[in-house]
Amino acid sequence: MQSNLIFSRRYFLAAALAAGSLAATLGGVAPAFAAPIEIRYFYRAPWPSSETYANWLINEWNKVNGDRIHVTGASVDGETYKTKQTIELASSNPPDVFYSWEGGRAAEVIKNGFAADLTPYYAKYGWDKFLVPAGVSLATFGDRKYFVPTEIGASVVWYRKDLYEKLGLKVPTTWEQLMANAKVAKDNGYWPFMLANQKKWPAQFMWSAILVNKYGLDTYQGLVDNKIPWTDQRAVAVTKIMQDLAKAGMFEPSFNSIDVGPAMVPWSQSKALHWYQGSFNLGRFRGDKEKCCVVPMDFFPLPPIDGNKPVMSVFAEDTIMIHAKSPNKDAAAEFVNWMISKPAMTEKLAIDKPYPSSTEADLSRLSEMEQRLAKAMADAGSFTFMHVDHAVSPAISDKFLDSVQAVLAGAMTPEEAMQQTENEAARVRGKI
Amino acid sequence: MAHPSLADERTSFIRFAQTHQFVTLFGILLPLAVFAVFVGYPIVFTIYLSFFDWNGMAPEKTFVGLQNYRYLLFSDKYFYTALLNNVKWVGVTLSFPVLLGLIIAYGLRSRIIPMPALIRTVIFFPVTMSLISVGLMFLLILNPLFGAFDTILQSIGLGSLVMEWFGDYRIALYTLAVVSGWAFTGMPMILYFAGLGDVPQETFDAAKIEGAGHFRMLTQVAVPQLRPVTAVVVMLTLFESLRAFDLVAVMTKGAPFGSTNVLGYLVYLESFWNSRFGYGATLSVAILVISILMATFVMKKLMKGAFDV
């Protein structure tokens, strides 16, 4: 009994020693299972398809790279992203990769030190070689690049091809021809233009395009870059043009009560002839159909006014930044590089909506019209213009949008509207 | 009889605390600490922040003294529009849901309205709904293109009453207030219904024998007896109106051109949208001051003696 016990102890000690030695030996040669780098991606999901696409993007990345760089996503719907972004960016644990806007909002984020300089990553991955030039230009502040555009858009005049045929109209090449077509539409009981201005941002599209085409890109840039006051006669004159269009019944009735989504109903019911809007609506125009659109339609750029050279607005709809405080910027950049890779951008077209920012994306699944617009955007040059709410800070744009809406409702004169905008601008940036 | 001095009160509290340690700790000190952290500190910090210019992102805040208050009082037209809108909102909610709630409660108690249990449930149901859902629902109902409300008006020959419920700046705020009233009517109704239950039936019987009809019984018997309930209902309505935010945020976002802004929404707009947290705090302080003034008025005028009935 005693000897059995001694044997057992010896046996146990020997076994433990052997096991320990084996573990120590193997530990020296076995690979170290280090935890993957964790990247947090904070994004805006304005459409249901945005969420589906973001999930696909993250899952595909994690399938291949999850053991090395693991990405976790968190989304906020389109309306409230701006308010949540401030809190997230300033928090003690900010996201590594996040959605940002272009223009004024991006400038605020950069100024407050939240955006990492991506210039070295542009060089490393050669992003500027395949991204749409206008997108790269918008990402450049001074001599540095701070964001990567993942989706771009353009504003054009959408028109109903069937109604054009029915009314015997031709695609206009001048402002006067466009107005003549609008008058024919009105005389025949159609709404010449959809506006759908309930949320007050849609009217600015036409406003800024008219200003650029009538007074030139420099004038518009002067306004949004705080070199020309909003009370400038040219800004007042454009507001007056918008007012005159409203007074002449060129927009749908109750345009300040109708939002863009519900406006698809009368658009589909052939009630309106034109709609000056962004290409981000192509998802709506496409509806359930695989290729655009549910109704026969096409587009043309807003025609020149007074013989000036027209400019089409090309803007970055979705943009991505890397947080300046991220400890894993290289890993984050690798993930961003995946986001704008050819397979990811091509899939964006399949799941989400046009247009991917990469010129390498396969556009063959788009309709002929959509492909034509993609080409027009790629050919638009390195810089066009952003609409007011992207170009300037939210405080100024909010007052501007309010003011234009008031003019269209007949509650304010164009002079008062621009004075109100200028007052707010002066509060933000001081007097010019 | 002499009033106890402060020293006497302190001694008596210490004696109470020594003999009731559990109640003192969990019933007084802990709730006080929670209140101080979650209510007291935010109020103090908001007042502190109102003297700064801060965009919510930058680590440093710029001290601007009374500049935010000067702008609020002398330059901000939107503040006065929002304040006036809150007053209008209070007016609508005091007259429409409170009055309607009282009438329905009386109708239910006096069995004028059939199926009282069902009607009570149906009218109270919107109180349990989120105002966000209510807002989205009414956006569809009042939509000028395909909304059910306009269609019904047109189908019964009242097409001339169709309006731009949200787009016309002259009526948009009242539309919101009425929608809010629709969602709120169940609350005064249920309070008045309970209050009427406490009024002795003999009082109504006596009035009936004296030849009083329903109108006189409601106005001359029920209303005076319901003064404590009315005081509570009015106070609830006032503070609900001052907190109005959800419907504006989901239905109009202040549009058309800021004509439906209310103070609560303006705080959100300035702080989170325009990145002016300092000025947003100033607006919050203004709401605090208005609330204190209103509470003082309610306590001194409406509540005084209301519970002596």
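Residues numbered from 1 in each chain as written. Chains lettered and ligands numbered in written order. Predicted model: local features only at pLDDT ≥ 70, side-chain atom pairs only at ≥ 80, totals over all residues.

A. Representation of the overall build of chain A. When its secondary structure is counted, chain A shows 20 helices and 10 strands. By principal-axis analysis of the C-alpha atoms, chain A measures approximately 115 × 50 × 40 Å. Looking at chain A as a whole, 48% of its 432 residues qualify as buried. Across chain A, contacts joining residues at least 24 apart in sequence account for 76% of those joining residues at least 6 apart. (Helix = DSSP H or I, 4+ residues; strand = E, 2+ residues; numbered from the N terminus. Buried ≥ 20, exposed ≤ 12 C-beta atoms within 10 Å, placed from the backbone. Contact = placed C-beta atoms within 7 Å.)

B. A look at the overall build of chain B. Across its full length, chain B carries 15 helices and 2 strands. At 24 Å, chain B has a C-alpha radius of gyration far larger than the 19 Å of a compact globule built from 309 residues. Of all 309 residues assigned to chain B, the portion counted as buried reaches 32%. Excluding contacts between residues fewer than 6 apart, the proportion of contacts in chain B whose partners are at least 24 apart in sequence is 72%. (Rg over C-alpha atoms; globule rule 2.2 N^0.38 Å.)

C. Representation of the confidence of the model for chain A. All names here are of chain A. Confidence along chain A averages 90 in pLDDT terms, with 92% of residues attaining 70 or more. Counted against residues more than four places away or in other chains, residues 1-7, with its pLDDT under 50, gives 0 contacts. Low pLDDT (under 50) marks residues 26-30, which in the prediction has 0 contacts with non-local residues, meaning those over four places away or in another chain. (pLDDT = per-residue confidence, 0-100.)

D. Inspection of the domain arrangement of chain B at higher detail. Partitioning chain B into structural domains gives domain 1 (1-40) and domain 2 (70-308). Placing the centre of domain 1 of chain B and that of domain 2 of chain B at their C-alpha centroids yields a distance of 38 Å. (Domains from an automatic or database assignment.)

E. Summary view of unusual backbone geometry. A cis amide bond links C292 of chain A with the next residue in sequence, C293 of chain A, at an omega value of 10 degrees. Position of C293 of chain A among the secondary structure elements: in the loop between α14 (282-286) and β9 (297-300). Here the residue pair A255 of chain B and P256 of chain B is connected by a cis peptide bond, since its omega of 0 degrees sits within 30 degrees of zero. Mapping P256 of chain B onto the fold places it in the loop between α13 (246-252) and α14 (263-273). Here the phi dihedral of D306 of chain A falls at roughly 55 degrees; this positive angle occurs in a residue that is not glycine. Its location among the elements puts D306 of chain A in the loop between β9 and β10 (313-322). Under the C-beta neighbour-count criterion, D306 of chain A is labelled exposed, with 10 such atoms within 10 Å. Of note, S275 of chain B is a non-glycine position whose phi angle comes to about 55 degrees, a positive value. Topologically, S275 of chain B is positioned in the loop between α14 and α15 (277-302). On the basis of neighbour count, S275 of chain B is assigned to the buried category, with 24 C-beta atoms found within 10 Å.

F. Structural context of the packing of α14 of chain B against α15 of chain B. Residues and elements named next belong to chain B. In contact at an axis separation of 7 Å, α14 and α15 are set at 165 degrees when each is read in the N-to-C sense. Looking at the two axes, α14 sits roughly antiparallel to α15. The chirality of how α14 crosses α15 is left-handed. Contacts between α14 and α15 involve L263, L266, V267, E270 and S271 from the former and F277, Y279, G280, L283, S284 and I287 from the latter. Of the residues belonging to the contact of α14 with α15, the class tally is 7 nonpolar, 3 polar and 1 charged. (Axes fitted to C-alpha atoms, helices over the stretch in contact; angles between N-to-C directions. Parallel < 35°, antiparallel > 145°, perpendicular 65-115°, else oblique. Left-handed = near helix turned anticlockwise from the far one by under 90°. Nonpolar A, V, L, I, M, F, W, Y, C, P; charged D, E, K, R; others polar.)

G. Main features of the packing of helix α12 (residues 227-242) of chain B against α15 of chain B. Residues and elements named next belong to chain B. Put simply, α12 and α15 touch, their axes get as near as 11 Å, and they point 170 degrees apart. Regarding the angle of α12 to α15, the classification is roughly antiparallel. Where α12 abuts α15, its residues A231, V234, M235, L238 and L242 lie against I287, I290, S291, M294, V298 and L302. Here the residues of the contact of α12 with α15 sort into 10 nonpolar, 1 polar and no charged.

H. Geometry of the nonpolar core. In terms of nonpolar packing, the biggest core is built from 187 residues, with F193, M242, F335 and V336 of chain A touching the most fellow members. Among the elements that take part in this core, helix α4 (residues 77-109) of chain B stands out by supplying 10 residues, more than any other. Beyond its immediate sequence surroundings of up to four residues, V336 of chain A is in contact with V97, V148, I320 and I322 of chain A. (Core = buried A, V, L, I, M, F, W, Y, C linked by C-beta atoms within 7 Å.)

I. Region of the structure containing the domain arrangement of chain A. Residues and elements named next belong to chain A. When the domains of chain A are assigned, the result is domain 1 (38-152 + 316-372) and domain 2 (154-314 + 385-429). The straight-line distance from the C-alpha centre of domain 1 to that of domain 2 is 28 Å. The interface is formed by 18 residues belonging to domain 1 together with 15 residues belonging to domain 2. Secondary-structure elements contributing two or more residues to the side of domain 1 that touches domain 2 are α4 (103-111) and α17 (368-378). Of the residues forming the side of domain 1 that touches domain 2, the biggest block, 4 residues, is contributed by α4. Residues belonging to the side of domain 1 that touches domain 2 are distributed by class as follows: 8 nonpolar, 4 polar and 6 charged.

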